[in-house]
Amino acid sequence: MNKNTHLKTKRIRLICEFLTAGGGNLEEMDAWVNERLEDQGLPTIGKRTLRYCIESLRNGDFEHSQNQKNSKNKNNLFKIQVINNKIYQWAVDSLKPEFGDLDDNERFTLPFLAGILRRYESIPAVQKILYQLPEIFNISEKEMESSSAIFHSGPDLYDATNNQFEEKVISCVINILRFIHYNQAIEFNYTPVSYYENSGEKLNLHQVAPLEIRYYENYYYLIASDLKNKSLRTFRVDMIHRFKIDVMIGNDEEPIIFERLQLEKQTSIKKLFKESLGVFPYNVADAKMYEIHIKFTEWAASYMKRLKFHHTQNIIEENKTEKYLIIGLQLRLKHEKFEGEEILTRNQALSFLLGRFGNYATVVNYKEI
């Protein structure tokens, strides 16, 4: 929809609201429409444009749910009667246009999204969204039933000592999104993922500018810029101690605000990990960058071939006869604790990635770059 068509549809929508509210004369309609246009920051219109919009409404010449019909049928859909040559009202047998309605393919996008949301319907805000979606978009209950076709193969986040663990993780994610929206710096205590339990024994205080929330392999990650050394950090949200996050307060007793757009540009975060295998680099002082070659065989090779790769990841070799694929990627490895230390112990994220494929994925070569 171009800008002019969009403006015309906005004006016609306001005319429809005026008629639905009971209607009135042309002067009253003019005042009603222009007052609301001003409220929306849009240019006001004169009576000539108003009359043109009334005729477009009668002719069905605007964006609405029935505009796929031919011109002849559209002319008879929306009927406006003028009583005593001055009062504009809907005719008794007139249809009312529906704006922003969805086409058939779009209609089944909604149940698809609802099916994904149902996993989180224990959250009150999600319950409200699921309840109101059918009414907002005029989707029938029968159409919404297709949301049952969406299921989650990944396990729910779980803690035997806390039966609301996943809900608390998601509430924490939502809280972080709020801080991102308001560009507020935050601080929290965090247990590194290398430790088995999220406990108070290995807590570290982090003060960061939150930039993004990412979801990978059933876990939520906060991507943030460290306020001390400006490095980009990755935190698994479920390892934030007690899910408690505080806004940082400055000397003026006001929240510390950061320049998010500037940080996004400096860190190139919008491109970071894009179309990657999802292995996060380490932010450790002695973690050096390596070129690593991984061989995937049989079904694992078929699976990996269908993934899009980051620009630092590429296919080194492909053998269709023997059914294997060798992929190269650049990744940081922690310093060896002893000569010949197993590579997977030097990067837990890499170990996690390869663990999914069992004997069908092995590191065949790696070297420092």
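Cut-offs applied
Throughout, residues of each chain are indexed from 1 in the direction in which the sequence is written. Local features in this predicted model are restricted to residues of pLDDT 70 or higher, and side-chain atom pairs are both shown and tallied only at a pLDDT of 80 or more, whereas totals for entire chains, interfaces and linings draw on every residue. The side-chain numbers reported here are obtained from all heavy atoms of the structure, hydrogens and water having been left aside. To obtain an axis, a line is fitted to C-alpha atoms, over the contacting stretch when the element is a helix, and the angle between two such axes runs from 0 to 180 degrees between their N-to-C directions. The helix count covers DSSP runs of H or I at least four residues long, the strand count covers runs of E at least two residues long, and both are numbered beginning at the N terminus. Throughout, the term roughly parallel applies to angles under 35 degrees, roughly antiparallel to angles over 145, roughly perpendicular to angles from 65 to 115, and oblique to all others. Here a residue-residue contact requires only that any non-hydrogen atoms of the pair lie within 4.5 Å. Note on residue categories: nonpolar means Ala, Val, Leu, Ile, Met, Phe, Trp, Tyr, Cys or Pro, charged means Asp, Glu, Lys or Arg, and polar means any other residue, Gly included. Each reported salt bridge corresponds to a side-chain nitrogen of Lys or Arg within 4 Å of a carboxyl oxygen of Asp or Glu. Exposure categories follow from relative accessible area, calculated using a 1.4 Å probe and restricted to protein chains: below 20% of the type maximum is buried, above 50% is exposed, and the middle band is partly exposed. Any two strands with at least two DSSP-identified bridges between them are counted as paired. Aromatic pairs are defined between Phe, Tyr and Trp rings, using the six-membered ring for Trp, whenever the two ring centres lie within 6.5 Å; interplanar angles under 30 degrees are classed as stacked, those over 60 as edge-to-face, and all others as tilted. The predictor rates its confidence in each residue with pLDDT, a number between 0 and 100. An arc is given here, and it is the one of the directions from the helix axis to the C-beta atoms.

Observations concerning the packing of helix 2 (residues 26–39) against helix 3 (residues 47–59)
Any two packed helices are characterised by how steeply their axes cross, that is the angle between the axes, and by the distance between the axes. With their axes 11 Å apart at the nearest point, helix 2 and helix 3 run at an angle of 95 degrees to one another. Comparing the axis directions of helix 2 and helix 3 gives the class roughly perpendicular. On helix 3, the residues that touch Leu26, Glu27, Met29, Asp30 and Val33 of helix 2 are Lys47, Leu50, Arg51 and Ile54. For the contact of helix 2 with helix 3, the residue count by class is five nonpolar, no polar and four charged.

Considerations on the pattern of salt bridges
Under the criterion given, the structure shown has 11 salt bridges. Its salt-bridge partner being Arg260, residue Glu264 comes within 3.6 Å of it at the nearest N-O pair. With a gap of four residues between them, Glu264 and Arg260 both fall in helix 10 (residues 260–267), about one helical turn apart. Of the residues examined, Glu264 reaches a relative accessible area of 11% and is grouped as buried. Look at Arg260 and you get partly exposed, because its relative accessible area is 24%.

Describing the sheet that holds strand 8 (residues 288–297)
The sheet built from four strands is open, its strands ordered 9-10-8-11 with antiparallel pairing. Both edges of this open sheet fall to strand 9 (314–319) and strand 11 (361–368), since each of them pairs with a single strand only. Taking the axes of each pair of neighbouring strands and ignoring which way they run, one obtains an average angle of 25 degrees across the sheet. The pairing of strand 8 with strand 11 spans seven bridges and is antiparallel. Within strand 11, the position partnered with His293 by the bridge is Asn365.

Overview of the packing of aromatic side chains
Applying the stated criterion to the full structure yields 12 aromatic pairs. Where Phe18 meets Trp32, the ring centres are 5.7 Å apart and the plane angle is 65 degrees; that geometry is what we call edge-to-face. Taken together, the residues span a long stretch of sequence, with Phe18 in helix 1 (residues 3–20) and Trp32 in helix 2 at a distance of 14 residues. A relative accessible area of 5% means that Phe18 is categorised as buried. With relative accessibility at 23%, the residue Trp32 sits in the partly exposed group. Each ring, one from Tyr290 and one from Tyr366, has its centre 6.1 Å from the other, and the planes form 55 degrees; the classification is tilted.

Overview of the confidence of the model for the chain
Taken as a whole, the chain shows an average pLDDT of 81; of its residues, 80% reach a score of 70 or greater. Ranking the elements of the chain by mean pLDDT puts helix 4 (residues 71–74) last with 54 and strand 7 (residues 246–247) first with 96.

Side note on the sheet that holds strand 5 (residues 219–226)
As summarised here, the arrangement of the five strands in space is 6-5-4-3-7, forming an open sheet in which the pairing is antiparallel. Because the sheet does not close on itself, it has two edges, and the strands there are strand 6 (232–236) and strand 7. Relative to strand 6, strand 5 runs antiparallel, the two being bridged by five bridges. Within the sheet, the bridge partner assigned to Ile223 lies in strand 6 and is Thr234. Packed onto the sheet, helix 9 (residues 165–181) meets strand 3 (186–190), strand 4 (204–216), strand 5 and strand 7 and runs at close to 105 degrees relative to strand 4.

Concerning the side chain of Gln184
Relative to the helices and strands, Gln184 resides in the loop between helix 9 and strand 3. On the accessibility criterion, Gln184 (14% relative accessible area) is buried. The contact partners of Gln184, leaving out residues within four places of it in the chain, are Phe179, Pro210, Val247, Pro255, Ile256, Ile257 and Phe258.

With respect to helix 10
Among all positions in helix 10, only Leu263, Glu264 and Thr267 are buried. Projected onto a plane normal to the axis of helix 10, the buried residues spread over an arc of 100 degrees and lie on a single side. Along helix 10, exposed side chains directed more than 90 degrees from the buried face belong to Leu261, Lys265 and Gln266. If you follow the buried residues of helix 10, they end up packed against strand 4, strand 5 and strand 6. Positioned one or two residues after helix 10, Ser268 has a phi angle of 55 degrees, which is positive.

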